[in-house]
Amino acid sequence: MKLIKELEDLIDEEISDVKKYAKLAAEMKSEHPELAQVFYTLSTQEESHQAMLHNEVVRIIEEHRRKEGEPPPAMMAVYDYIHKKHIEKMADARRYQDLYKTR
């Protein structure tokens, strides 16, 4: 589905922003703690955005199942592949969030 692909692209952008802001927060914590906190907050907000978008993808897939049956296997294979990549990217981004919290 085109809509799911668009949402997955947006999720990918949000995850990239999670990492970008978390990395900045970790880098600036010692010299600019207030700014670092702003970046950390932005990172967690971006994480929330990606979660909201992911929930919508899940909802759309579930709605498709209720109305039309199982989605095409090829579509689910692509979704599963992209979802796995998103999980890996979020784990990487969270490492920077954790680095900020432990410094």
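Residues numbered from 1 in each chain as written. Predicted model: local features only at pLDDT ≥ 70, side-chain atom pairs only at ≥ 80, totals over all residues. Heavy atoms only, no water.

> Any chance you could explain the overall build of the protein here in plain terms?
When you go through the protein residue by residue, the secondary structure sums to 3 helices and 0 strands. Seen through its C-alpha atoms, the protein measures out along the principal axes to roughly 55 × 20 × 20 Å. Long-range contacts, defined here as pairs at least 24 residues apart, represent 75% of the contacts in the protein between residues at least 6 apart. For the protein, the centre of its 17 positive side-chain charges and the centre of its 21 negative side-chain charges are spaced 3 Å apart. (Helix = DSSP H or I, 4+ residues; strand = E, 2+ residues; numbered from the N terminus. Contact = heavy atoms within 4.5 Å. Lys, Arg positive; Asp, Glu negative; His and termini not counted. Charge placed at Lys NZ, Arg CZ, Asp CG, Glu CD.)

> Explain the packing of helix H2 (residues 33-68) against helix H3 (residues 73-102) to me, please; I cannot follow it from the model alone.
Helix-helix packing is described using two parameters, namely the angle between the two axes and the distance between the axes. Between H2 and H3, the shortest axis-to-axis distance is 12 Å and the interhelical angle comes to 160°. Classified by the interaxial angle, the pair formed by H2 and H3 is roughly antiparallel. Judged by the sense of rotation from one axis to the other, the crossing of H2 with H3 is left-handed. Facing Ala36, Gln37, Tyr40, Ser43, Thr44, Glu47, Gln50, His54, Val57, Val58, Ile61 and Arg65 of H2, the residues of H3 in contact are Met76, Tyr79, His83, Met90, Arg94, Gln97, Tyr100 and Lys101. Considering only residue class, the contact of H2 with H3 consists of 9 nonpolar, 7 polar and 4 charged. (Axes fitted to C-alpha atoms, helices over the stretch in contact; angles between N-to-C directions. Parallel < 35°, antiparallel > 145°, perpendicular 65-115°, else oblique. Left-handed = near helix turned anticlockwise from the far one by under 90°. Nonpolar A, V, L, I, M, F, W, Y, C, P; charged D, E, K, R; others polar.)

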